[in-house]
Amino acid sequence: ITAIGIDYGGTKSGQAFVCTRISEDYKNVIVLGSERHMGDIDPDDLERLEIEFAKKMMYKYNCDIDYILPDNEEVVLIRGLRRRVEQLNWPTIVRGCNKEPINDRIDCGRTMISYGILFYIQEECKTFVDALSSALWDDKAKEDTRLDDFTTDIDTIDAFEYSWCRFIKHINDRINRRRLEGE
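No experiment lies behind these values; they were computed from the predicted model shown.

J.: Give a detailed account of the sheet that holds strand 2 (residues 15–22), specifying residues and quantitative values.
T.: Think of a sheet as strands paired side by side through backbone hydrogen bonds, with each pair either parallel or antiparallel. Strand order in the open sheet formed by six strands is 5-4-1-2-3-6, with mixed pairing between adjacent strands. Looking at the sheet topology across the chains shown, the edges are occupied by strand 5 (93–94) and strand 6 (118–120). On top of the sheet, helix 1 (residues 43–61) reaches strand 1 (2–7), strand 2 and strand 3 (29–37); it is set at about 25° to strand 2, its chief contact.

J.: Can you lay out the packing of helix 1 against helix 2 (residues 75–87) for me, pointing to particular residues and giving the numbers?
T.: Between helix 1 and helix 2, whose axes approach to 10 Å, the crossing angle comes to 50°. By the criterion of interaxial angle, the relationship of helix 1 to helix 2 is oblique. In the packing of helix 1 onto helix 2, the handedness of the crossing is right-handed. On helix 2, the residues that touch P43, L46, E47, E50 and I51 of helix 1 are L77, G80, L81, R83, R84 and V85. The residue makeup of the contact of helix 1 with helix 2, split by class, is six nonpolar, one polar and four charged.

J.: Let's hear about empty space enclosed by the protein: which residues, and what values?
T.: Per the stated rule, a full pass over the model turns up one cavity of 30 Å³ or more. Size it by volume and the largest cavity reaches roughly 40 Å³. Taken together, I4, I6, F17, E50, F53, A54 and I68 make up the lining of the largest cavity. The greatest single-element share of the lining of the largest cavity, amounting to three residues, is contributed by helix 1. Per-class residue counts for the lining of the largest cavity are six nonpolar, no polar and one charged.

J.: An account of the side chain of E47 is requested, with residue identities and associated values reported.
T.: Positionally, E47 belongs in helix 1. The buried category is assigned to E47, whose relative accessible area is 17%. In contact with E47, other than residues within four places in its own chain, are G80, L81, R83 and R84.

J.: Explain the state of the cysteines residue by residue, including any values.
T.: As used in these notes, a disulfide is a covalent bond between sulfur atoms, one from each of two cysteines. Applying the stated criterion across every chain, the model contains zero disulfides. Between C63, a cysteine without a disulfide, and C19, which holds the nearest cysteine sulfur, the sulfur-to-sulfur distance is 6.0 Å. With no disulfide partner, C125 has as its closest neighbouring cysteine sulfur the one in C19, 8.9 Å distant. With relative accessibility at 0%, the residue C125 sits in the buried group.

J.: A description of the nonpolar core should follow, citing residues and the corresponding values.
T.: Of all hydrophobic cores here, the largest spans 24 residues; its most connected members are I22, V31, M112, L118, F160, W164 and I171. Secondary-structure elements contributing two or more residues to this core are strand 2, strand 3, strand 4 (67–70), helix 3 (102–114), helix 5 (154–165) and helix 6 (168–181). Looking at this core element by element, the count peaks at four residues for helix 5. With sequence-adjacent residues up to four places away left out, V31 is seen in contact with V18, C19, T20, L118, F119, Y120, I121, C125, F128 and F160. Counting residues in each nonpolar core, the second largest holds 22 residues, with L49, I51, A54 and I78 among its members.

Cut-offs applied
- Residues numbered from 1 in each chain as written.
- Predicted model: local features only at pLDDT ≥ 70, side-chain atom pairs only at ≥ 80, totals over all residues.
- Heavy atoms only, no water.
- Pairing = 2+ DSSP bridges.
- Helix = DSSP H or I, 4+ residues; strand = E, 2+ residues; numbered from the N terminus.
- Contact = heavy atoms within 4.5 Å.
- Axes fitted to C-alpha atoms, helices over the stretch in contact; angles between N-to-C directions.
- Parallel < 35°, antiparallel > 145°, perpendicular 65-115°, else oblique.
- Left-handed = near helix turned anticlockwise from the far one by under 90°.
- Nonpolar A, V, L, I, M, F, W, Y, C, P; charged D, E, K, R; others polar.
- 1 Å grid on protein atoms, 1.4 Å probe; cavity = no way out; pocket = protein on both sides within 12 Å on 5 of 7 lines; lining within 4 Å.
- Points joined across faces, edges and corners; volume = space filled by probe spheres on them.
- Buried < 20%, exposed > 50% of the residue type's maximum accessible area, 1.4 Å probe, protein only.
- Disulfide = S-S within 2.5 Å.
- Core = buried A, V, L, I, M, F, W, Y, C linked by side-chain atoms within 4.5 Å.

Structure, rendered in structure tokens:
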């Protein structure tokens, strides 16, 4: 499974794209590439950037993109992207991501790292590595909450999580089997 997660930023944040490949047996989750775009981007420019990123991933890794999974709150942008993908005749499903509860996503990501199933392509994933290494908990919150005050790159982390969130149950099942098998 090759999927692109997209986070649409607001006025202070950026637009982030992360492409992830998940092995058929869910034993490996590999981040193939990431990008983040800041500044005033109109919908046409955004769609162009999304398509360019998808093409770059397809050509670099000689694969189809099975899913493009944008932030599900931006239905108009998703509809435009779906139309463009259909015009290009790609065998790609474009639909809003499944937003699992944030702490479930964080826990799954942390567990993927702990169990050695998460990998990334260093030269293509600078924004991903920077975002993951700078993520913080909000120490002012009463509950576990990721810091989202524009001092860290939450956009790329969200896009990363959106790229595999649709498959979180399968990934967690694989990790739990590894735990039981003592791998």
